[in-house]
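Breakdown of the fold
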Amino acid sequence: MKDFSDELKGLHRRVDDARGYLKIDDNRLRLQELEVEVQKPDLWDDQDRAKHVNSQYAAVRDDLAIYDKLVADMEDVETLHDMAREVDDETQEADIAEASGKLDRQLNELELRALFVGPHDEADAMVRINAKDGGVDAQDWAEMLLRMYTRWGERRGFEVDVEYISEGTEAGIMSAEFTVTGRYAYGLMSAERGTHRLVRISPFDGNARRQTSFAAIDVYPVLEDEGVVEIPDSDIRMEVFRASGAGGQHINKTSSAVRLIHIPTGLTTSSQEERSQLQNREKAMRRLKALLQVRMEEERAAKMAEIAGGKQAQVGWGSQIRSYVLQPYQMVKDLRSDYEVGNVAGVLDGDVDGLMESVLRWKREVAHESGS
């Protein structure tokens, strides 16, 4: 009878680790609080709050169920192994191997959670794509990235709502804003913040020359109003325009679309998907507050890292983070984690998880090295 003791000890340790990063003890108490909340008769008087409470309740309940099932399965396979070893029953080896393999696969998937350590990682994500250097090729590249993230969201079962698109001059797009709704959407998409470079033979060049194009990705979380930075009215300039093109659900002839400019920083947000100017202003304001809050948190983290003398895991706005090469060879390489993918077509079709995970692991390593 084969001895699985070392393998099972390793799995047991990983299950114990899951208790920590899933915050099981805290969440058992939190579940009791949420059960009281979801049963309140006036909960749905405030629909936004009701949705938030129910979402939290489902997430906490699911995490506890996942962990409890892991513990039960771990106990079952350990008991089976002990009994089989006691009577030297080789016929149980296949069942033990299958059960331990299943636990290993479940833990591999679950351990990605341990990489999410930011305060907003569980939140939905608001994303902005802007074409940069490269003319019409850059505009086409920005549209390719929009498609890539849309397909990625679909693969993960996330909801992706394109809220604003500025069409390109000849092809592609100048910019786009969209929201990714799903647990850990921000934690995953934050790995994409920065400048993405594309190298290819330009389809817009009659001489078929190689062209390098750039597009920038900004990512910020959808935050609750509580604790979000406040912005004085004097710091904001509002522009209105007619909603047009893809991304506006209710395109109309009135100037209902809103763009807000934060004068001290130059940051802007837009909204055109609502019917009224007031609704669009409120939505654009929520995005601007979230954008400023994240900017402040990142600047604070960068300052602390500088004081500590360690490397900095946060990537600055506008920094080049990843190269996508179609000619003279094919490869996608993340310049932070050094992770490489040869299947560029697959990446552009939404297979981005490996790249994202490599960046999350790189961030954790950098944070560990800097002692933060």
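Look a little higher up for the structure.
Residues numbered from 1 in each chain as written. Predicted model: local features only at pLDDT ≥ 70, side-chain atom pairs only at ≥ 80, totals over all residues. Heavy atoms only, no water.

Regarding the nonpolar core
The tendency in soluble globular proteins is for nonpolar side chains to be buried side by side. Core analysis: the biggest nonpolar cluster contains 61 residues, and Leu145, Tyr149, Val180, Met189 and Tyr324 have the highest contact counts within it. Per element, the largest residue contribution to this core is eight residues, and it comes from helix 5 (residues 135–156). Apart from residues lying up to four places away in sequence, methionine 189 is in contact with Ala125, Val127, Tyr149, Trp152, Val180, Val219 and Met356. Formed by 25 residues, the second largest nonpolar core is a distinct cluster that contains Ala18, Ala50, Leu64 and Ala84. (Core = buried A, V, L, I, M, F, W, Y, C linked by side-chain atoms within 4.5 Å. Buried < 20%, exposed > 50% of the residue type's maximum accessible area, 1.4 Å probe, protein only. Helix = DSSP H or I, 4+ residues; strand = E, 2+ residues; numbered from the N terminus. Contact = heavy atoms within 4.5 Å.)

Section: the sheet that holds strand 7 (residues 257–262)
As summarised here, the arrangement of the three strands in space is 6-7-8, forming an open sheet in which the pairing is antiparallel. A single partner strand is all that each edge strand has here, and the edge strands are strand 6 (236–241) and strand 8 (268–271). In this sheet, neighbouring strand axes are inclined to one another by 20 degrees on average, regardless of whether the strands run parallel or antiparallel. Strand direction decides the pairing type here: strand 7 and strand 8, joined by four bridges, are antiparallel. Directly across from arginine 259, in strand 8, lies its bridge partner serine 270. (Pairing = 2+ DSSP bridges. Axes fitted to C-alpha atoms, helices over the stretch in contact; angles between N-to-C directions.)

As for the packing of helix 2 (residues 24–38) against helix 3 (residues 47–87)
Interhelical geometry of helix 2 versus helix 3 gives an angle of 140 degrees and a closest axis separation of 9 Å. Between helix 2 and helix 3, the crossing angle belongs to the class labelled oblique. Crossing angle aside, the handedness with which helix 2 passes helix 3 is left-handed. Mapping the contact onto sequence places Ile24, Asn27, Arg28, Arg30, Leu31, Leu34, Glu35, Glu37 and Val38 in helix 2 and Arg49, Val53, Asn54, Gln56, Tyr57, Val60, Arg61, Asp63, Leu64, Tyr67 and Asp68 in helix 3. Residues that form the contact of helix 2 with helix 3 fall into these classes: nine nonpolar, three polar and eight charged. (Parallel < 35°, antiparallel > 145°, perpendicular 65-115°, else oblique. Left-handed = near helix turned anticlockwise from the far one by under 90°. Nonpolar A, V, L, I, M, F, W, Y, C, P; charged D, E, K, R; others polar.)

Quick look at the pairing of strand 5 (residues 210–221)
With seven bridges connecting them, strand 1 (residues 125–131) and strand 5 associate as antiparallel partners. Following the sheet pairing, alanine 131 is matched in strand 5 by alanine 215. Where strand 4 (residues 194–201) and strand 5 come together, eight bridges link them in antiparallel fashion. Pairing of leucine 198 across the sheet is with serine 213, part of strand 5.

Quick look at the packing of aromatic side chains
Counted by the stated rule, this structure contains five aromatic pairs. Taking 4.5 Å as the distance between ring centres and 20 degrees as the angle between the ring planes, the aromatic pair formed by phenylalanine 116 and tyrosine 184 counts as stacked. Placement of phenylalanine 116 in the loop between helix 4 (93–110) and strand 1 and of tyrosine 184 in the loop between strand 3 (173–181) and helix 6 (185–189) is noted, with a sequence separation of 68 residues between them. With respect to class, phenylalanine 116 is no different from tyrosine 184; both count as buried. (Phe/Tyr/Trp six-rings, centres within 6.5 Å; stacked < 30°, edge-to-face > 60°.)

Re the environment of arginine 336
Summarising the element assignment, arginine 336 is placed in the loop between strand 10 (331–334) and strand 11 (340–341). Its relative accessible area of 12% is what places arginine 336 among the buried residues. Through-space distance from the C-alpha of arginine 336 to that of serine 358 is 8.9 Å; in sequence the pair is 22 residues apart. Here the side chain of arginine 336 touches alanine 191 through a polar contact of 2.8 Å, landing on its backbone oxygen. Engagement of the side chain of arginine 336 in a polar contact is seen with the side chain of aspartate 334, the distance being 2.6 Å. (Polar contact = N/O pair within 3.5 Å; in protein donor to acceptor, adjacent residues only side chain to side chain.)

Coordinates in, geometry out; function isn't part of it.
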